[in-house]
Amino acid sequence: MKVSMEVNGRTVSGDIEGRTLLVDFLREGLHLTGTHVGCDTSQCGACTVHVDGAQVKACTMFAAEAEGAKVTTIEGVAAPDGTLSAVQQAFQDYHGLQCGFCTPGMVMAATSLLHDNPKPTEAEIRHHLDGNICRCTGYHNIIKAIMAASGQEMPALAAE
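Attention in this report is confined to the structure presented alongside it. Values in this document were obtained by computation on a predicted structure and should not be read as measured data. (Residues numbered from 1 in each chain as written. Predicted model: local features only at pLDDT ≥ 70, side-chain atom pairs only at ≥ 80, totals over all residues. Heavy atoms only, no water.)

### Some words on the packing of helix 2 (residues 86–93) against helix 5 (residues 140–149)
Item 1. For the pair helix 2 and helix 5, interaxial distance at closest approach is 8 Å and the crossing angle is 135°. Here helix 5 runs oblique to helix 2, going by the angle between their axes. Considering only the axes of helix 2 and helix 5, their crossing is right-handed. Listed contacts from helix 5 to Ala-86, Val-87, Ala-90 and Phe-91 of helix 2 are Ile-142, Ala-145, Ile-146, Ala-148 and Ala-149. (Axes fitted to C-alpha atoms, helices over the stretch in contact; angles between N-to-C directions. Helix = DSSP H or I, 4+ residues; strand = E, 2+ residues; numbered from the N terminus. Parallel < 35°, antiparallel > 145°, perpendicular 65-115°, else oblique. Left-handed = near helix turned anticlockwise from the far one by under 90°. Contact = heavy atoms within 4.5 Å.)

### Let's talk about the pairing of strand 1 (residues 2–7)
Item 1. Alternating positions in strand 1 separate cleanly, Val-3, Met-5 and Val-7 being buried on one face and Lys-2, Ser-4 and Glu-6 remaining unburied on the opposite face.
Item 2. Across 6 bridges, the pairing between strand 1 and strand 2 (residues 10–15) is antiparallel. In the strand pairing of strand 2, Val-7 is matched with Arg-10.
Item 3. Joining the antiparallel neighbours strand 1 and strand 2 is a turn of 2 residues, in which Asn-8 adopts a positive phi near 55°. (Buried < 20%, exposed > 50% of the residue type's maximum accessible area, 1.4 Å probe, protein only. Pairing = 2+ DSSP bridges.)

### Thoughts on the pattern of salt bridges
Item 1. Under the definition given, this model contains 2 salt bridges.
Item 2. Between Arg-19 and Glu-17 there is a salt bridge, with its nearest N and O atoms 2.7 Å apart.
Item 3. Note that Glu-122 and Arg-126 form a salt bridge whose closest N and O atoms lie 2.9 Å from each other. Taken as a pair, Glu-122 and Arg-126 lie in helix 4 (residues 122–128) at a separation of 4 residues, close to a single helical turn.
Item 4. Here Glu-122 falls in the buried class, since its relative accessible area comes to 14%. (Salt bridge = Lys/Arg side-chain N within 4 Å of Asp/Glu carboxyl O.)

### What about the sheet that holds strand 1?
Item 1. Taking strand neighbours across the sheet as the criterion, the 5 strands line up as 2-1-5-3-4 in an open arrangement whose pairing is mixed. Each having just a single partner strand, strand 2 and strand 4 (54–57) make up the two edges of the open sheet. Across the sheet, the axes of successive neighbouring strands diverge by a mean angle of 40°, strand direction being ignored.
Item 2. In this sheet, strand 4 lies alongside strand 3 (residues 48–51) in antiparallel orientation, the contact comprising 4 bridges. The partner of Val-49 across the bridge, within strand 4, is Val-56.
Item 3. Contacting strand 1, strand 2, strand 3 and strand 5 (70–72), helix 1 (residues 22–29) runs over the sheet at an angle of about 80° to strand 1.

### Overview of the nonpolar core
Item 1. Within the largest apolar cluster, 23 residues are counted, with the highest numbers of intra-cluster contacts made by Met-5, Val-7, Leu-22, Phe-25, Leu-26, Val-51 and Val-71.
Item 2. Residue assignment for this core shows that the elements contributing at least two residues are strand 1, helix 1 and strand 3.
Item 3. Among the elements that take part in this core, helix 1 stands out by supplying 4 residues, more than any other.
Item 4. With 21 residues, the next largest nonpolar core counts Val-77, Phe-91, Leu-129 and Cys-134 among its residues. (Core = buried A, V, L, I, M, F, W, Y, C linked by side-chain atoms within 4.5 Å.)

Right, dumping it as structure tokens:
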């Protein structure tokens, strides 16, 4: 079957099997490997992308379901000239990453959160990130980065 969608601002298409997951189409069909596959069970959030503006775990969606949709991956978050988004820059500035495996999904989740809630509380950030697992950082610097990207003062975090 043929599928066509807009990915990171450009129209793409490809021949796929009906069972092809969106994450596999992005990684294998389009070579956009920033969207990671961590668990294949929608538990870790490493495959988070935006589909028509909504946060989606790409391992839970068939590529055919994205027919005609606008998909944004981590590769599409920075400006065309390579300037990092506010969220990406804050992750860098506040060391919101260690091994980096969860980072694309965390950045996509944070971007979605700040789009819907420009000034989230620490509790709202923690709740929103509930579906994204990081095994390295302990989340403190991720939360600091999201608070910074929102332009808020960073209070002492609850578990520090």
